[in-house]
Amino acid sequence: MKAMIVHNPGPILTHALAFTDLPIPEPRAGEVLIKIAVCGVCRTDLHVAEGDLPPHRSPVVPGHEAVGIVARLGAGAKGLLKEGDRVGVAWLHATCGVCAYCQRGAENLCTTPRFTGYDEHGGYTEYLTAPADFVYPLPASVSSVQLAPLLCAGIIGYRALRRSDVQPGQRLGLYGFGASAHIVIQIARYWGCEVYVATRGDRHRQLATALGAVWVGEANETPPEKLHAAIIFAPAGELVPVALAALDRGGTLALAGIYMTDVPTMNYAAHLFQERNLRSVTANTRQDGRELLQLAAAIPLHTHTEEFPLEQANEALRRLRHDQIQGAAVLRVADG
Ligand SMILES: [Zn+2]
Ligand SMILES: [Zn+2]
């Protein structure tokens, strides 16, 4: 099967993913083999390709927003899924199920998690295997291309939204307006929130306005109203004090990224006092995924996507690198 692999992490302009041929994997006990139709391109793939995240497996097929059809069930996977089901494979590939965090329902904090497209081969290829109980059945009313970005950008965005503690009708700030934020704004608007968007890029600001932002500004600009909650999507640590200073008393800032540059020195009175809260977001639970996919069908969520053939994964990553993707990039692997 054809695949795009990371074999030598580094800047994407000089360390492109290699196009290669791999054997179709065999589903092990409890796993399913999935024939991939599309796979979304997430900023984490860029961090894997560029080596911002230390390699866990090399070479590795990146991609953790894969949508496809169950092609074959491994031993013991019966009952959960059947051949022909359309399913999604996301970042959380598997957890141990026995550590203290898994036991208390915080499987996103598992001490030995495995991640798709990082510890295990991901979706920039024609087939992948995944544990049946970590695979998401998908709502029939939403197309595969529309669903792909929901599997990470959507799920992580949803978890970040929950971690921000924003309540219906409150003022929410979004810093950065890529794949995740353009989904989050739709949920926040569905909850009746006023959304303020600070981001670089005219096209990002135009999309934010089109999706109902009450205010848009430059990346480090301060919204005109104090915010009850905010989320930083940009991997830019220098935005942390900027966003904290824009919070109302008791407000919460959630950091959605898996990677962020260093956070500068902060001033207690200006940035944290008055019970402002600063929270990170680490992966997600399967419950987050199920809730997000239910919302996707109910709202319904609409993702803005730019489609590329699998072979052009490098072009998609380069454009993501330079903030030239409107919404989310999706790689087309096969029909469906
Ligand atoms: Zn665990
Ligand atoms: Zn991701």
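Here, every reference points to the structure presented above.
Criteria and cut-off values
Residues numbered from 1 in each chain as written. Chains lettered and ligands numbered in written order. Predicted model: local features only at pLDDT ≥ 70, side-chain atom pairs only at ≥ 80, totals over all residues. Heavy atoms only, no water. Donors = N, O, S within 2.8 Å, 3.2 Å for Na, K, Ca; no water. Tetrahedral: all angles 85-135°; square planar, octahedral: opposite > 155°, others 65-115°. Buried < 20%, exposed > 50% of the residue type's maximum accessible area, 1.4 Å probe, protein only. Pairing = 2+ DSSP bridges. Helix = DSSP H or I, 4+ residues; strand = E, 2+ residues; numbered from the N terminus. Axes fitted to C-alpha atoms, helices over the stretch in contact; angles between N-to-C directions. Contact = heavy atoms within 4.5 Å. Salt bridge = Lys/Arg side-chain N within 4 Å of Asp/Glu carboxyl O. Polar contact = N/O pair within 3.5 Å; in protein donor to acceptor, adjacent residues only side chain to side chain. Phe/Tyr/Trp six-rings, centres within 6.5 Å; stacked < 30°, edge-to-face > 60°. Arc of directions from axis to C-beta. Right-handed = clockwise from strand over helix to strand, strands pointing away.

S.K.: What am I meant to see in the coordination of the zinc ion (ligand 1) here?
M.R.: Note on metal sites: the ideal angle is 109.5 degrees for four tetrahedral donors, and 90 or 180 degrees for six octahedral donors. Listed as protein donors to the zinc ion (ligand 1) are Cys96 (SG), Cys99 (SG), Cys102 (SG) and Cys110 (SG); their distances from the metal cover 2.3 to 2.4 Å. Geometry at the zinc ion (ligand 1) is tetrahedral, judged from the 4 donor atoms that bind it and their angles of 104 to 118 degrees at the metal. Each donor residue of the zinc ion (ligand 1) belongs to the same chain, with the gaps between them written as C-x2-C-x2-C-x7-C. For the pair Cys99 and Cys102, one class covers both residues: buried.

S.K.: Can you help me understand the sheet that holds strand S15 (residues 277-280) in this one?
M.R.: Read across the open sheet, the 6 strands follow the order S12-S11-S10-S13-S14-S15; overall the sheet is parallel. Single-partner strands in this sheet number two, and they are strand S12 (215-217) and S15. If you compare each strand with its neighbour and ignore which way they point, the axes differ by 15 degrees on average. Where strand S14 (residues 247-255) lies against S15, 4 bridges are found, and the strand directions are parallel. Directly across from Ala254, in S15, lies its bridge partner Arg279. Across the face of the sheet, helix H5 (residues 179-190) comes into contact with strand S10 (171-175), strand S11 (194-198) and strand S13 (227-232) while running at roughly 175 degrees to S10.

S.K.: Would you explain the environment of Ala148 in this entry?
M.R.: Residue position: Ala148 is located in the loop between helix H3 (144-147) and helix H4 (153-163). Put simply, Ala148 and Cys39 are 109 residues apart on the chain and 6.0 Å apart in space, counted from C-alpha to C-alpha. Here Ala148 is in contact with Val38, Gly40, Glu65, Val67 and Val330, once residues within four sequence places are set aside.

S.K.: How should I be thinking about the pattern of salt bridges in this particular structure?
M.R.: When the charged atoms of two side chains lie near each other, side chains of opposite charge can form a pair. Scanning the entire structure with this criterion turns up 17 salt bridges. With its nearest N and O atoms 3.0 Å apart, the salt bridge here joins Arg28 to Glu31. The partner of Arg114 in a salt bridge is Glu120, and the shortest N-O contact between them spans 2.5 Å. Salt bridges here are not isolated pairs; linked through shared partners, they connect Arg43, Arg200 and Asp323.

S.K.: Please clarify how the coordination of the zinc ion (ligand 2) should be interpreted in this entry.
M.R.: Ligation of the zinc ion (ligand 2) by protein atoms is provided by Cys42 (SG), His64 (NE2) and Cys152 (SG), these donors lying 1.9 to 2.2 Å from the ion. Taken in chain order, the donor set of the zinc ion (ligand 2) reads C-x21-H-x87-C. Of this pair, Cys42 sits in the loop between strand S3 (31-41) and helix H1 (43-50) while His64 is found in the loop between H1 and strand S4 (66-73), placing the two residues 22 residues apart along the sequence. You can call His64 buried: its relative accessible area is 1%.

S.K.: Before we go on, may I ask you to explain the side chain of His93 in this structure?
M.R.: Note that His93 resides in strand S6 (residues 92-94). Only 3.1 Å separates the side chain of His93 from the side chain of Thr116, close enough to count as a polar contact.

S.K.: Please clarify how the packing of aromatic side chains should be interpreted in this entry.
M.R.: Any aromatic ring pair is given by two values, namely how distant the centres are and how the planes are angled relative to each other. Under the definition given, this model contains 4 aromatic pairs. Pairing Trp91 with Phe115 gives two aromatic rings, centres 4.5 Å apart and planes at 5 degrees, and the pair type is stacked. Within this pair, whereas Trp91 is found in the loop between strand S5 (86-89) and S6, its partner Phe115 is found in strand S7 (residues 114-115), the two being separated by 24 residues in sequence. The exposure class of Trp91 is buried, given its relative accessible area of 6%. Ring centres of Trp91 and Tyr118 lie 5.8 Å apart, and the angle between their planes is 20 degrees; on these two criteria the pair is classed as stacked.

S.K.: Please clarify how helix H6 (residues 202-210) should be interpreted in this entry.
M.R.: It helps to recall that an α-helix has 3.6 residues per turn; residues three or four apart then point in one direction. Residues His204, Arg205, Leu207 and Ala208 constitute the buried set of H6. Buried residues of H6 fall within an arc of 160 degrees about the axis and therefore sit on the same side. Relative to its buried face, H6 has exposed residues pointing more than 90 degrees away, namely Asp202, Gln206 and Ala210. Buried residues along H6 sit in contact with H5, S11 and S12. Phi turns positive one or two residues past the end of H6, at Gly212, with a value near 100 degrees.

S.K.: Please explain the pairing of strand S17 (residues 328-332) as it appears in this structure.
M.R.: Consecutive residues of a regular strand have side chains that alternate between opposite faces of the sheet. Burial runs high along S17: 4 of the 5 residues are buried. Taken together, the 4 bridges between S3 and S17 define a ladder with antiparallel strand orientation. Within the sheet, the bridge partner assigned to Gly40 lies in S17 and is Val330. Where strand S16 (residues 305-309) and S17 come together, 5 bridges link them in parallel fashion. Looking at the pairing, Glu306 lines up with Ala329 of S17. The β-α-β motif built from S16, the intervening helix H10 (residues 313-321) and the parallel element S17 has right-handed crossover chirality.

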